[in-house]
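Next come the chains, spelled out residue by residue.
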Amino acid sequence: MELQGKVALVTGGTRGIGRAIAEAFLRDGANVVVNGRSAAKGEQALREMNAGDRAHFISGDVKSREGCEALVKGTIERYGKIDILVNNAGGATGHAPVVDLEDWALEDSLKWNLWSTFWCTQYALRDMLPRKWGRIINISSVEGKHGKPGVSIYVMAKHAINGFTKSCAQEIGTQGVTINCICPGAIETDIMKDEGPAAAQAMGLTYQGLLDWFASEAAIKRLNTVEEVAVVASLLASEAGGGMTGTMYSVDGGTAAY
C-alpha cells in the first residue's frame with residue numbers, strides 16, 4: 001500500500017472531509033491520528049473506523065498555538081514521527097456583509113483556518129525537514145480562488161492559506177517535503193449544516209437556496225462528496241505525489257475558473 005509505515009495527522013478529522021481523508025489513509029496503510037474538540041466524537045470516530053492501534057484520537061482546539069503544538073507532539077509521541085499533515089480544521093461563524101462585520105468574526109475565522117494551518121505546519125516541519133520527507137495538505141476551498149458576498153471572513157482566510165502554501169513550497173521544495181492545497185467545492189458536511197444557514201442569510205438566501213446555488217455554479221450540477229476529496233489527498237500524500245507542490249488542486253466539479 002502506498003502509505004505503509006507512514007504516520008498522518010488530520011486536524012478536524014472526526015467527521016466530514018477530515019474523516020474521509022483519515023479513512024482513505026488507513027486503507028492505504030498509514031497510522032492516523034485524528035483530532036477534534038469533542039472527546040465523545042473522537043471516541044465514536046475510532047469505533048467506526050475500527051482500525052485498532054493504527055488509529056488514535058487527540059482532543060484539542062487548533063485555534064491556539066498551544067493546541068497545535070500539543071497535536072503534533074502527541075502524534076510523534078504516539079507513533080514516533082509525523083510524515084503527513086492534513087490541515088483540515090476550519091470554518092467560520094458570524095457571517096455578515098462587510099459593512100456590518102464584527103472584528104471577532106474575522107479574528108475567529110483567521111485563527112480557525114489560517115493560524116491553525118500555520119502553527120501545525122511549523123511544528124510538523126520541525127520533524128519532517130531533518131528526515132527529508134513529508135507531505136502537508138491544506139484544505140482550502142473553491143472560495144480561496146474567487147469570492148462570494150456575505151462570507152468574506154471565510155474567503156479571506158482561504159485566499160491567505162493558498163498564498164501561504166505557495167510561499168512555503170518555495171522554501172522547502174528541495175528538502176523532500178511537499179505542501180499543497182485542495183480546494184473543494186461545496187459539500188454538505190456537518191459544518192455546512194451548522195454554519196450554512198447563517199451564511200445563506202447573510203447572502204440573502206435560504207439554506208436550500210445556497211446549496212442550489214453552489215450546485216448550479218458547478219459543471220457537474222451537483223455538490224461534491226468527501227470521498228472525491230479524499231482520493232486526491234491520498235495521491236498528494238503518496239510517494240508518487242512528490243513532484244506536486246505549491247499547487248491548489250480543485251475538487252469542485254468545475255466551479256472555479258482556474
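Computed from a predicted structure; not experimentally measured.

With that out of the way, let us pick up the pattern of salt bridges. Tallying each qualifying case throughout the model produces 13 salt bridges. Asp83 serves as the salt-bridge partner of Arg131, at 3.1 Å between the closest nitrogen and oxygen. Taken together, the positions of Arg131 in helix α4 (residues 103-131) and Asp83 in the loop between α3 (65-79) and β4 (84-87) put the pair 48 residues apart, joining distant regions of the chain. Across the pair Lys148 and Glu217 runs a salt bridge whose closest N-O atoms are separated by 2.9 Å. Taken as a pair, Lys148 in the loop between β5 (134-139) and α5 (152-172) and Glu217 in helix α7 (residues 207-217) lie far apart in primary sequence, 69 residues in all. Counted as one network, the salt bridges with shared partners bring together Lys81, Asp83, Asp127 and Arg131.

The next thing to look at is helix α6 (residues 190-202). Here α6 spans 19 Å end to end across 13 residues, near enough to the 18 Å set by a 1.5 Å rise per residue. Where α6 bends most, the angle comes to about 45°, and this point is Gly196, followed within four residues by the proline Pro197. Along α6, the residues that are buried comprise Met192, Gly196, Ala199, Ala200 and Ala202. Summarising the contacts, the buried residues of α6 are in contact with α7. Two residues or fewer past α6, Gly204 is found with a positive phi of approximately 75°.

This part covers the nonpolar core. Ranked by internal contacts, the top residues of the largest apolar core, which has 33 residues, are Ile21, Phe25, Val32, Ile84, Val86, Ile137 and Ile182. Those elements that place two or more of their residues in this core are β1 (7-10), α1 (16-27), β2 (31-36), α2 (39-49), β3 (55-59), β4, β5 and α8 (226-237). At seven residues, α1 tops the list of elements feeding residues into this core. Filtering out sequence-adjacent residues up to four positions away, Ile21 remains in contact with Val10, Val86, Ile139, Val229, Ala230 and Ala233. Listed in part, the 25 residues of the second largest apolar core include Cys68, Ala89, Cys120 and Ala169.

About the thresholds
- Residues numbered from 1 in each chain as written.
- Predicted model: local features only at pLDDT ≥ 70, side-chain atom pairs only at ≥ 80, totals over all residues.
- Heavy atoms only, no water.
- Salt bridge = Lys/Arg side-chain N within 4 Å of Asp/Glu carboxyl O.
- Helix = DSSP H or I, 4+ residues; strand = E, 2+ residues; numbered from the N terminus.
- Expected span 1.5 Å × (residues − 1).
- Bend = angle between axes of the 7 residues up to and from the residue.
- Buried < 20%, exposed > 50% of the residue type's maximum accessible area, 1.4 Å probe, protein only.
- Contact = heavy atoms within 4.5 Å.
- Core = buried A, V, L, I, M, F, W, Y, C linked by side-chain atoms within 4.5 Å.

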